[in-house]
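Here are the chains, one letter per residue:
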Amino acid sequence: MNTMNAPKRLRQWAGYVEEAHLAGRVWRAQSWRDEEMYDGDQASPEDIAKFKEIGVELLTINRTFPAVNLILGSQAINKTQITAKARTGKDSEISQTMSEAIQYVIDCNNGDLNISLAFKNQVVPGIGNLFVGRNRDPRYETVKVAYRDWKECHSDPFVSPWADAGQCRYKFWEKWVDLDALQAAYTKKKSELEDLYLTLTEMVRDGNAYTTDEAELVEEMKQIAVGVPWVDIGRRRVRPVEIWYTKPKDCLFVMMQDGCWYELEDDMDPRQQHELLVNCIQFTRVTVPKMYNAVFCSSVILKDESPSDLGHDLYPNVPFVGYVDRWGFPYGVPRQIRGQDEEVNKRRSMALALMRSRRTIAEDDIAKDKKGFDNLHKELNAIDGMAIVKKGSISSGKIQVKENTELSNAQFAIMAQSEREIQEISGANGEAMGYQTNVTAKVGLENKQQRSGIMTATLLNNYRFALKALGLRISAGIQKTWTGPKILRVTDRLTSRDKFIEINKVVDGVVQNHISKGQFDMIVTDVPKSDTIREKNLNLIIEWVKKSPPEFIPHLMNMAFEMTDLPNKDQFLEKIKPLMGYDPMEEDMTADERKQKIIEQLEAEKQIQAKKAQLEDENIQLEINKKRLENAKIEAEINKILADTNKINIDTQDKASESGRKAEKHEMDRANFVLDTTAKGLDVGEKIVGRESENGE
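Residues numbered from 1 in each chain as written. Predicted model: local features only at pLDDT ≥ 70, side-chain atom pairs only at ≥ 80, totals over all residues. Heavy atoms only, no water.

A.B. asks: Can you break down helix α5 (residues 92-108) residue by residue, with the values?
C.D. replies: In a regular helix each residue adds 1.5 Å, so 17 residues correspond to 24 Å; α5 covers 25 Å between its end C-alpha atoms and thus fits that length. Among the 17 residues in α5, twelve count as buried, and that is most of the element. All of the buried residues in α5 are Ile94, Ser95, Thr97, Met98, Ser99, Glu100, Ala101, Ile102, Gln103, Tyr104, Val105 and Ile106. Looking one or two residues past α5, Asn110 carries a phi angle of roughly 50°, positive in sign. (Helix = DSSP H or I, 4+ residues; strand = E, 2+ residues; numbered from the N terminus. Expected span 1.5 Å × (residues − 1). Buried < 20%, exposed > 50% of the residue type's maximum accessible area, 1.4 Å probe, protein only.)

The following block contains the structure:
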């Protein structure tokens, strides 16, 4: 491309493109070779020619395919989930809604498929890419997540593939598109693109090819054309460049009381800027890298330099990196087992050739000429060959036919060693893949399987790191574009059922689920689905059911049913949930609605408990009053008894007094009687004495 008279910025962009193509030529060729190994196209033309020269057909025993598919299958079975965690307490309620929103965006963009494709590129060629940006088509979700082929994506070769803004100078995407589609997207550049196409077509016809990369090899393979970086003459297709790069800019940041920093952007609402400045506790001005992007095709600028409108200053391309070599370039699993797989192919081919071939040693008088020797050798090595020789030639040793079995066995032995090395290096050992194995002890099998997991741990850890970066970009896009009310349809990972969430809903002047505010961190959690783990989880839930209070059992049983693969389990659950006291309407509730329901239930329970407490107090008071009445009754009875007792005592005393008086009267009467008697006696005595006196006289 001639850019001598082009604007300075265009020359800079073109320089980035040329630099990335030239610096990545070697590792990209190696990654392309890794793709061939996975596809089964493992024999090079040179090896095929060498084996053909010695009369051996070079076979392909693709050991790379099952080793790689074990890792890909692990990712497909053991799903992961991106979860948003609030940085401050005030954002804790909205964080769950953000997690659901991220899952909604992934579902709307066939995210599971795109993530699987990017992970496959991470494992095989060593680098995959997902693009997170804005969808300009109003018919689809505004936050876009798209898969981008590694062959079409390039980046700054002087930094790590993981590097982002601040280290990486640029990243760009080159994709073949139809000329008319590009003209429809950039209508103001229609005539310039037409002239450019004609100019570049002449360059191709003159043989002025600029460079060739793997994406153009695909074009050639599809018999489109012999491509150059900017045009395809077989079909009216061109290859524009969408480039993203950073430029330093002086920016003002403020820190709020919760410790979070916010940038005072140029296009921010002045009222929001004033609110931040008034409520901040610290502000600073620093120079930071800001993201810009442009689109051009050869010498035509389709979209001039403009700041990123994605709500962040990160590159929109999320790299899925397998491993990184000593030069800082990515590579995948096939790179480390390529030599062993090629050796397996060659030794298997040689061993089979030796098994069906024989060595013939003959004296020179057995045949008349070379043609006769050739015919004899051919017949002796044929499956149903027949050779007629003179009598005694074999017994005398003039003709000796030797089998190559020993040599073949040696080839098989070395080949088996190469196969074991493939398993050890890739982690795809027989125990992990479920093949028949000599290890019979349970502990030995677990150790072998654990070793397989350890071998792939770095690869899967890099995968989770990429998902974390994906979640950060999706959340930033959500906060940038979702400014109004929106209803989300989210597929629950546990139940696989759809539920709806309403965000940015205005109720009485208050915005509920205001997702545009808040700062979040991303974590990646594993959701394993293997039969062994599922069985362990079910057994754990069964143990919980045995030991849990009755009110917990319906929820545990519902969870257990959700984890099973029973046919028509959804219909079955819909019928038994009401019987277990489980409200099916909760599945369609948002987090705030569930929280509000729980609050209402707690309030209702509090009211019930208060009424119960009040009734209990009243019952206690009634019981106390009853006891008081009973005590009063008992006291009255006691008083009556005491009164009766006192009366009896008084009567007794009265009777005793009466008896005393009677006794006293009796004594007095007796005394009086005695006195009277005595007196009478005295009188009688006196009378007698008187008579005697009288008589004496």
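A.B. asks: So what about the sheet that holds strand β2 (residues 127-134)? Which residues, and what values?
C.D. replies: The sheet built from three strands is open, its strands ordered β3-β2-β13 with antiparallel pairing. The open sheet has two edge strands with one neighbour each: β3 (143-148) and β13 (317-321). Averaged over all pairs of adjacent strands, the angle between strand axes in this sheet comes to 20°, irrespective of strand direction. For β2 and β13, the ladder comprises five bridges, and the chain directions are antiparallel. Residue pairing for β13: Gly128 is matched across the bridge by Phe320. (Pairing = 2+ DSSP bridges. Axes fitted to C-alpha atoms, helices over the stretch in contact; angles between N-to-C directions.)

A.B. asks: Explain the packing of aromatic side chains residue by residue, including any values.
C.D. replies: In this structure the tally under the stated criterion is 13 aromatic pairs. With a centroid separation of 4.9 Å and an interplanar angle of 90°, the aromatic rings of Trp162 and Phe465 are classed as edge-to-face. In this pair, Trp162 is assigned in the loop between β4 (153-155) and β5 (170-174) and Phe465 in helix α16 (residues 457-481), connecting sequence segments 303 residues apart. Aromatic pair Phe320 and Tyr463: ring centres 6.2 Å apart, planes at 45°, arrangement tilted. Placement of Phe320 in strand β13 and of Tyr463 in helix α16 is noted, with a sequence separation of 143 residues between them. Exposure class is identical for Phe320 and Tyr463. Each is buried. Aromatic rings pair up to connect Trp13, Tyr245, Tyr292 and Phe296 into one cluster. Over the aromatic face of Phe131 sits the side chain of Arg148, whose NZ or CZ is 3.8 Å from the ring centroid. For the cation-ring pair, Arg148 lies above Trp173, with the distance from its terminal atom to the ring centre recorded as 3.6 Å. (Phe/Tyr/Trp six-rings, centres within 6.5 Å; stacked < 30°, edge-to-face > 60°. Lys NZ or Arg CZ within 6 Å of the ring centre and 35° of its normal.)

Structural measurements only, silent on function.
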